[in-house]
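Survey of secondary and tertiary structure
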Amino acid sequence: MIKSIYATVRLHVKTDGEFSEVFENIFGVKQGEPLSPLIFIFFINDIAGELETNNNDDFVSVNGILIHLLLFADDTVLFGKTPEALQLLLDKLLKYCSKWNIEVNKDKTEIIVFRNGWQQVNHSWYYVKHELKVMNSFVYLGNLFHYNGKFQQTQKRLSQQANKGLASLFNLFKMLYTSTQQKCEMFDSLVGSILCYGSEIWGFHHANDIEQVHNKFCRFVLKVGKNSPICAVIGELGHLPMHIIRKQRILKYWLKIVTKKPPIVFDVYKMLVNDAENGKTTGRQMFVPC
């Protein structure tokens, strides 16, 4: 059915109120067509099978489930415990893409080596003879991941993004009259949602930069200066500090994990609990191109 829909696609362009001559379109999908992501999923549906390997000891696994590939839209992440394992996946990816005429953006393909403390990375990875850059951090689905597994840089990045939204919000407050309650609700929707993005995972971190964004908002609403004690400002406004909101989100997420026991996620949770009880660190070494 899809093939018949796109057997012949004719278009014309409207310019200054006049239409161009009709011409055939042989690339892409029709304007406004929602099929594009679905067709892409169909197209790469077999990529996981193509990247499978028999040597599972060099790859991340949870209770026998091999986790060497993450896919979200057109973003792809490969995992390996050793440099050789990751290069093997890159070679398999090249073979798959060559087979189906898929092009990988090599300039946006990067490597990150998760490790405890600073250690020099003395290895190189290649895709089509192109040496891939080794980075200290990368952003996946809006969250920044650092090579040391800590989230100091994550909260800094979120606070910078939220500050831009806060500036726009302040300009809006100057143009429109809004009650204190409305200001707080708008902050929660437009700025707080940025500050707490993904905090179910990283929210245990003491995020001073994020608290400063919230403090700036509270002082602006109450029109008080920097010398006013922040505990009094927050108490007067009655708006919860961000670290309390993050803890609420963490508890809700934890409750969801232990009650609904989603596959893989619950297994990883049990693995982390076991590590904590045995005094082990969670810094497992992985190599990730993104």
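Everything here concerns the structure above.
Report follows, based on the coordinates. Given the structure is predicted, the values throughout are model-derived calculations rather than measurements.

Looking only at helices and strands, the protein features 11 helices and 15 strands. Expected size for 290 residues packed as a compact globule is a radius of gyration near 19 Å; at 25 Å, the protein overshoots this value by more than 25%. Reported as C-alpha extents along the three principal axes, the dimensions of the protein are approximately 70 × 65 × 40 Å. Classification of the 290 residues of the protein by burial places 31% in the buried group. For the protein, the accessible surface area stands at approximately 19000 Å², while carbon and sulfur atoms represent 56% of it. The centroid of the 33 positive side-chain charges in the protein is displaced by 7 Å from the centroid of its 27 negative side-chain charges.

This part covers the layout of surface pockets. Taken as a whole, the second largest pocket spans an internal volume of roughly 680 Å³. Together, 31 residues line the second largest pocket, and Asp74, Asp75, Thr76, Val104 and Asn105 are the ones closest to its centre. Per-class residue counts for the lining of the second largest pocket are 22 nonpolar, 4 polar and 5 charged.

The next point concerns the side chain of Arg115. Along the chain, Arg115 falls in the loop between strand S9 (110–113) and strand S10 (126–127). Despite its burial, Arg115 remains without a salt bridge, the nearest opposite charge being carried by Glu110 at 12 Å. Polar side-chain contacts of Arg115 include one of 2.9 Å to the backbone oxygen of Gln119.

Turning our attention to the pattern of salt bridges. Using the criterion set out here, one finds 6 salt bridges in the structure. Measuring nitrogen to oxygen at the nearest pair gives 3.4 Å for the salt bridge that ties Lys156 to Asp209. In this pair, Lys156 is assigned in helix H5 (residues 152–175) and Asp209 in helix H8 (residues 208–222), connecting sequence segments 53 residues apart. Salt-bridge contacts for Glu211 lead to Arg246; the nearest nitrogen and oxygen are separated by 3.3 Å. Of this pair, Glu211 sits in helix H8 while Arg246 sits in helix H10 (residues 242–260), and the two are 35 residues apart along the sequence. Among the residues examined, Arg246 registers a relative accessible area of 2% and is labelled buried.

We now examine the nonpolar core. Counting 23 residues, the largest nonpolar core has Leu166, Phe187, Val191, Leu195 and Phe217 as its most contacted members. Every element with two or more residues in this core is listed here: H5, helix H6 (180–195), H8 and helix H9 (230–237). With 6 residues, H5 is the single largest residue contributor to this core. What Phe217 contacts, discounting residues up to four positions off in sequence, is Leu166, Phe170, Phe173, Lys183, Cys184, Phe187 and Leu237. Core analysis: the second largest hydrophobic core is formed by 18 residues, Leu51, Ala85, Val113 and Tyr127 among them.

Here we take up H9. Three or more residues of H9 are buried, namely Val233, Ile234 and Leu237. The buried residues of H9 occupy one face: seen down the axis, they fall within an arc of 90°. Exposed residues lying more than 90 degrees from the buried face of H9 are Cys231, Gly235 and Glu236. Those residues of H9 that are buried are in contact with H6 and H8. Phi turns positive one or two residues past the end of H9, at Gly238, with a value near 75°.

The rules behind these values
Each chain carries its own residue numbering, running from 1 in the direction its sequence is written. Thresholds applied to this predicted model are a pLDDT of at least 70 for local features of residues and 80 or more for the giving and counting of side-chain atom pairs; totals over whole chains, interfaces and linings are not thresholded and use all residues. Side-chain metrics in this entry use all non-hydrogen atoms of the structure; hydrogen atoms and water are not considered. Numbered from the N terminus, helices here are DSSP runs of H or I no shorter than four residues, and strands are runs of E no shorter than two. Taken over C-alpha atoms, the radius of gyration is set against a globule rule of 2.2 Å times the number of residues to the power 0.38. We call a residue buried when its accessible area falls under 20% of the maximum for its residue type, exposed when it is over 50%, and partly exposed in between, using a 1.4 Å probe and counting protein chains only. Note on areas: Shrake-Rupley, 1.4 Å probe, and residue coverage restricted to the protein chains presented here. In this count, Lys and Arg are taken as positive residues and Asp and Glu as negative ones, while His and the chain termini are left out. Charge placement uses NZ in Lys and CZ in Arg. For Asp and Glu, CG and CD serve respectively. Here a cavity is any set of points on a 1 Å grid over the protein atoms alone where a 1.4 Å probe fits but cannot get out, and a pocket is any open set with protein on both sides within 12 Å along at least 5 of 7 lines; a residue lines the site when it has an atom within 4 Å of a point. Grid points are joined across faces, edges and corners, and a volume is the space filled by probe spheres set on the points. Gly is placed with the polar residues, together with every amino acid not listed as nonpolar (Ala, Val, Leu, Ile, Met, Phe, Trp, Tyr, Cys and Pro) or charged (Asp, Glu, Lys and Arg). Salt bridges, as used here, are contacts in which a Lys or Arg side-chain nitrogen is within 4 Å of a carboxyl oxygen on Asp or Glu. Here a polar contact is recorded for every N or O atom pair within 3.5 Å, except that within protein the pair must consist of a potential hydrogen donor and a potential acceptor, and residues adjacent in sequence are included only if both atoms are side-chain atoms. We define the nonpolar core as a collection of buried residues of types Ala, Val, Leu, Ile, Met, Phe, Trp, Tyr and Cys that are connected through side-chain atoms lying within 4.5 Å of one another. Whether two residues are in contact is decided by their heavy atoms, any of which lying within 4.5 Å being enough. In this description, one arc is meant: the one made by directions from the helix axis to the C-beta atoms.

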